[in-house]
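These are the residues of each chain, in order.
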Amino acid sequence: MATASMSKRRQEGGDETAVRERILEAAFAAFMKSGYATTSTLEIATRARVSKRELYGLVGNKQEMLIACISERARRFDVPADLPVLRDRETLAQVLTSFGTKLVREISDPTVIAVFRLAIAEASQAPEVARALNSIGRETSRAALRKIMARAQASGLLAGRPAELAEQFAGLLWRDLMVSLLLGVTAQPSPREIAGRARDAAAAFLRLHPLPNEGPTLT
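These figures come from a predicted structure and were not determined experimentally. (Residues numbered from 1 in each chain as written. Predicted model: local features only at pLDDT ≥ 70, side-chain atom pairs only at ≥ 80, totals over all residues. Heavy atoms only, no water.)

A. Region of the structure containing the side chain of Thr101. Tracing the sequence through the fold places Thr101 in helix 5 (residues 89-107). Apart from the residues within four sequence positions on either side, Thr101 is in contact with Ile194, Ala195 and Ala198. (Helix = DSSP H or I, 4+ residues; strand = E, 2+ residues; numbered from the N terminus. Contact = heavy atoms within 4.5 Å.)

Pasting the structure below:
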């Protein structure tokens, strides 16, 4: 009996997870189609084929759905626990290139760009969209990059404040790509283009921040 009861609870938990995912997919699709401010919980429930009671019980209100949608995507930007020990600049360059490649690939995805456009479009009617995107989505990637810079600083490979170093690398990585993507004047870069962009950004960043005994490199 105990085994059967445990199995039933696991099945119910799995069912709830699947329904929750369906609700979030429906919410995201509705936000993209109708805008956050004008989308109703009834529309989301109808799209997800659930009752409003289930919707509130498994996810919450509309703002909680928005936060959950952004949080699901923000998890992609965390620094892995098995980050290599930063013993030399070559390893640092590899880590920055890898992280930069991942960051541009994920953020330049059309669905993520759509979230940014949604935040801009809803800035006056629903500023909570921009606040959620900034505090959850963007801050996750910034924190991950600051963590890399802090580890490099602790290993004596960089000098400076991790937050400022992270901003500099991000600027070299993105340049004007984000604006072009938001305006729709350029397509998502190919994997090869993304890798090249990240590699160039890492090289340029390290040239700007030589080791104390190296001096600046002029090119």
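B. Region of the structure containing the packing of helix 5 against helix 8 (residues 162-174). Contact pair helix 5 / helix 8: the axes reach a minimum separation of 11 Å and the direction vectors enclose 60 degrees. Comparing the axis directions of helix 5 and helix 8 gives the class oblique. You can see that helix 5 and helix 8 cross each other, and the crossing is right-handed. Contacts from Leu96, Gly100, Leu103, Val104 and Ile107 of helix 5 reach helix 8 at Phe169, Leu173 and Trp174. Of the residues belonging to the contact of helix 5 with helix 8, the class tally is seven nonpolar, one polar and no charged. (Axes fitted to C-alpha atoms, helices over the stretch in contact; angles between N-to-C directions. Parallel < 35°, antiparallel > 145°, perpendicular 65-115°, else oblique. Left-handed = near helix turned anticlockwise from the far one by under 90°. Nonpolar A, V, L, I, M, F, W, Y, C, P; charged D, E, K, R; others polar.)

C. Main features of the packing of aromatic side chains. Evaluation of the coordinates by the stated rule reveals two aromatic pairs. Relative to Phe205, the ring of Phe169 has its centre 5.9 Å away and its plane inclined at 80 degrees; by these criteria the two rings are edge-to-face. Here Phe169, found in helix 8, pairs with Phe205, found in helix 10 (residues 191-208); they are 36 residues apart in sequence, far enough to count as distant. Here Phe169 and Phe205 have matching classes, each one buried. (Phe/Tyr/Trp six-rings, centres within 6.5 Å; stacked < 30°, edge-to-face > 60°. Buried < 20%, exposed > 50% of the residue type's maximum accessible area, 1.4 Å probe, protein only.)

D. Quick look at the packing of helix 7 (residues 127-154) against helix 8. Interaxial distance between helix 7 and helix 8 falls to 8 Å at its minimum, and their mutual angle equals 120 degrees. For the element pair helix 7 / helix 8, the angle class is oblique. By crossing handedness, the relation of helix 7 to helix 8 is classed as right-handed. Where helix 7 approaches helix 8, its residues Leu145, Arg146, Met149, Ala150 and Gln153 are matched on the opposing element by Pro162, Ala163, Leu165, Ala166, Phe169 and Ala170. Considered class by class, the residues forming the contact of helix 7 with helix 8 number nine nonpolar, one polar and one charged.

E. Layout of the layout of surface pockets. There is about 390 Å³ of room inside the largest pocket. Lining of the largest pocket is provided by 15 residues; of these, Arg138, Ser141, Arg142, Ala170 and Trp174 occupy positions nearest its centre. Breaking the lining of the largest pocket down by element, the ones donating at least two residues are helix 5, helix 7 and helix 8. No other element matches the six residues that helix 8 contributes to the lining of the largest pocket. (1 Å grid on protein atoms, 1.4 Å probe; cavity = no way out; pocket = protein on both sides within 12 Å on 5 of 7 lines; lining within 4 Å. Points joined across faces, edges and corners; volume = space filled by probe spheres on them.)

F. A nonpolar patch on the surface, seen in detail. On the surface, a cluster of nonpolar side chains totalling about 320 Å² of accessible area is made up of Val179, Leu183 and Val185. As for its position among the elements, Val179 is in helix 9 (residues 177-183). Judged by relative accessible area, which is 51%, Val179 ranks as exposed. (Patch = residues over 30% accessible without salt bridge, like charges linked within 9 Å, V, L, I, M, F, W, Y side chains within 5 Å. Areas by Shrake-Rupley, 256 points an atom, 1.4 Å probe, with all protein chains shown as cover. Salt bridge = Lys/Arg side-chain N within 4 Å of Asp/Glu carboxyl O.)

G. Representation of the pattern of salt bridges within the structure. Taken as a whole, this structure holds four salt bridges when the rule is applied. The closest approach of N and O atoms between Arg146 and Glu139, which form a salt bridge, is 2.4 Å. The class for Arg146 is partly exposed, based on a relative accessible area of 28%. The partner of Glu164 in a salt bridge is Arg161, with the nearest N and O atoms 3.2 Å apart. Judged by relative accessible area, which is 38%, Glu164 ranks as partly exposed.

H. Representation of the confidence of the model for the protein. Per-residue confidence for the protein gives a mean pLDDT of 85; residues scoring 70 or more make up 85%. In the model of the protein, helix 1 (residues 2-34) stands out as the element of lowest mean pLDDT, 72, in contrast to helix 10, which has the highest, 97. The low-confidence segment residues 2-13 (pLDDT under 50) makes zero contacts with residues lying over four places distant or belonging to another chain. (pLDDT = per-residue confidence, 0-100.)

I. Highlighting the nonpolar core. Grouped together as the largest cluster of nonpolar side chains are 61 residues, with contacts concentrated most on Ile23, Ile44, Leu92, Leu96, Met149, Phe169 and Trp174. Residue contacts for Met149: discarding those within four places in its chain leaves Leu96, Leu158, Pro162, Leu165, Ala166, Phe169 and Phe205. (Core = buried A, V, L, I, M, F, W, Y, C linked by side-chain atoms within 4.5 Å.)

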